[in-house]
Amino acid sequence: MGPRLPAVAVAAAILICACLFLTCGNCSAGEVGKRIVVSIDDQVAYFLEDGFFAKSHLVSTGTNATPTPIGTFSVFGHEYSYDNGNCIQYYTMYYKGHLGFHSVLYFPSSGSWTGSELGSKASHGCIRQGLDNARWAYYWTPDGTRVDIIQEHFTPPPPKPKPAQGGSVAMGVTRASTAWYFAEGCTARGFDQFLLLMNPLAGQTNATISLAGSDGTRKDIEVLVPGFSRQSIRVNDLAGGLAAVCAKVSADRPVVAERSMYYEYGQEMLGGDASTGCTAPSSEWYFAEGTCRPGFDSYLCIQNPGSVEAKVEVECVSGGGIVVERPMYFNYRRY
């Protein structure tokens, strides 16, 4: 019998196994390529890619007198516009004979469009779509795409998870504290901010989260943290319109507090980070890392927890030893 692992190592091994199991549970069924599912009961077209949900929108299928055929088909041709002498349909994708997906109808004689029929049966067997949705589907769907037209309701699979481009690391702490400060935070569109409170003691701990914006607007939220537990608080749900948010955590007994952030920054950068708060303000702070090269944005987030204006001098040092001093004054983000 081998040596006995310490309890910490055993717990870590169990946690790793659990994480691997959960990750595999979220795998797709292995479907490859694009597929369209149209539900007659829903009057909705669902667009899938590699087994994941991509998009859906209302449609109009055939009336009871001229029904849309049920079955499995394949897109075999695209036609930008078709004029039957009375009306024009745009962005047609044929899937069975003369039947296809296309836009709602345009009548040149009156300059009018149909469209109010979407969500109900109205066509002669084709699948009508709003003009913008028909355009999107036309360019998204290559010839050969499978089309399943079903009678019953369809429950689409979940969307494909967005890949996180990056990672984070947070320094642990050697002791809990009754006060924690977080100068950085954002709840603007594309950002999800969380405050994580750990109670390392037996018995309930009462904490107050004080949020402040750049204009000094303040919001206080009371939080109860049971013994030997963690509370995850989504700041977006509490900020009430504040975008740039700093925070202070005050507790009646020592706790540990971290901030985590998940974001879409710009159009390409997806990621997240985590940081441990500090337990007291200071008149000096040092940051060894930072760059202003193309493709990088570097920020200093400064929180003033006092009630009077604070004068701050930022001193930037380049790799060549050049020093740039910039005085700033702060009378906001105070408590």
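Q: Explain the overall build of the protein chain here, please?
A: Counting its secondary structure elements, the protein chain contains two helices and 20 strands. Partitioning the contacts of the protein chain with sequence separation of at least 6, the portion at a separation of at least 24 is 65%.

Q: What's the story with the environment of Asn86 in this structure? I'm lost.
A: Within the element layout of this structure, Asn86 appears in the loop between strand 5 (77-83) and strand 6 (88-96). Taking the C-alpha atoms as reference points, Asn86 and Leu105, separated by 19 residues in sequence, lie 9.7 Å from one another. If we skip the residues at most four places from it in the chain, Asn86 touches Phe107 and Pro108.

Q: Teacher, can you tell me more about the packing of aromatic side chains here?
A: The geometry of an aromatic ring pair is captured by two quantities: the separation of the ring centres and the angle between the planes. Under the criterion given, the structure shown has 16 aromatic pairs. Arranged with centres 5.3 Å apart and planes meeting at 90 degrees, the rings of Tyr80 and Tyr91 form a pair that is edge-to-face. Of this pair, Tyr80 sits in strand 5 while Tyr91 sits in strand 6, and the two are 11 residues apart along the sequence. Since its relative accessible area comes to 44%, Tyr80 is described here as partly exposed. For Tyr91, a relative accessible area of 8% corresponds to the buried category. Joined through ring pairs, the aromatic side chains of Tyr80, Tyr90, Tyr91, Tyr106, Trp113, Tyr138 and Tyr139 make up one cluster. Taking NZ or CZ as reference, Lys55 lies 5.2 Å from the ring centre of Trp136, over its face.

Q: Would you mind showing me how to read the pattern of salt bridges here?
A: A side chain with one charge can pair with a side chain of the opposite charge if their charged atoms come near. Per the counting criterion, the structure on display carries 10 salt bridges. One salt bridge in this structure joins Arg259 and Glu184, with 3.3 Å as the shortest N-O distance. Of the two residues, Arg259 is situated in strand 17 (residues 246-265) and Glu184 in the loop between strand 12 (177-182) and strand 13 (191-199); the sequence distance between them amounts to 75 residues.

Q: Is there a simple way to think about the side chain of His102 in this case?
A: With respect to the secondary-structure elements, His102 resides in strand 7 (residues 99-103). Contact partners of His102, with chain neighbours within four places excluded, come to Gln89, Tyr90, Tyr91, Thr92, Cys126, Ile127, Arg128, Gln129 and Ala134.

Q: Where do I start with the nonpolar core in this structure?
A: One recurring pattern in soluble globular proteins: nonpolar side chains tend to sit buried together. Counting residues in each nonpolar core, the largest one holds 23 residues, and the members touching the most others are Ile36, Val38, Phe101 and Ile149. Among the elements that take part in this core, strand 6 stands out by supplying five residues, more than any other. Residues contacting Val38, with those up to four places away along its chain left out, are Val44, Ala45, Val59, Thr61, Phe101, Ile127, Asp148, Ile149 and Ile150. Formed by 21 residues, the second largest nonpolar core is a distinct cluster that contains Trp180, Leu195, Val223 and Ala247.

Q: So what exactly am I meant to see when it comes to the pairing of strand 3 (residues 52-60) here?
A: Residues in a regular strand point their side chains to alternate faces of the sheet. Examined bridge by bridge, strand 2 (residues 44-49) and strand 3 share six bridges and lie antiparallel to one another. Bridging across to strand 3, Leu48 finds its partner in Phe53. Note: strand 3 against strand 10 (residues 127-129), two bridges, orientation antiparallel. Residue pairing in the sheet places Ser60 in a bridge with Arg128 of strand 10.

Q: It is not clear to me how the pairing of strand 15 (residues 218-225) should be interpreted in this structure. Could you clarify?
A: Sheet topology places strand 14 (residues 205-212) next to strand 15; eight bridges connect them, and they run antiparallel. Considered in strand 15, the bridge of Ala207 is made with Val223. In textbook terms, the turn of a hairpin is the stretch between consecutive antiparallel strands, and for strand 14 and strand 15 this stretch comprises five residues, one of which, Gly216, has a positive phi near 90 degrees.

Q: Just checking my understanding: could you explain unusual backbone geometry for this structure?
A: Trans is the prevailing form of peptide bonds, just as negative phi is the prevailing case for residues other than glycine. Within the chain, Gln43 stands out as a residue other than glycine whose phi angle is a positive 55 degrees. Here Gln43 lies in the loop between strand 1 (34-39) and strand 2. A positive phi angle is found at Asp50, which is not glycine, with a value near 55 degrees. Relative to the elements of secondary structure, Asp50 occurs in the loop between strand 2 and strand 3. Looking at Asp50, the relative accessible area reads 27%, which means it is partly exposed.

Calculation criteria
- Residues numbered from 1 in each chain as written.
- Predicted model: local features only at pLDDT ≥ 70, side-chain atom pairs only at ≥ 80, totals over all residues.
- Heavy atoms only, no water.
- Helix = DSSP H or I, 4+ residues; strand = E, 2+ residues; numbered from the N terminus.
- Contact = heavy atoms within 4.5 Å.
- Phe/Tyr/Trp six-rings, centres within 6.5 Å; stacked < 30°, edge-to-face > 60°.
- Buried < 20%, exposed > 50% of the residue type's maximum accessible area, 1.4 Å probe, protein only.
- Lys NZ or Arg CZ within 6 Å of the ring centre and 35° of its normal.
- Salt bridge = Lys/Arg side-chain N within 4 Å of Asp/Glu carboxyl O.
- Core = buried A, V, L, I, M, F, W, Y, C linked by side-chain atoms within 4.5 Å.
- Pairing = 2+ DSSP bridges.

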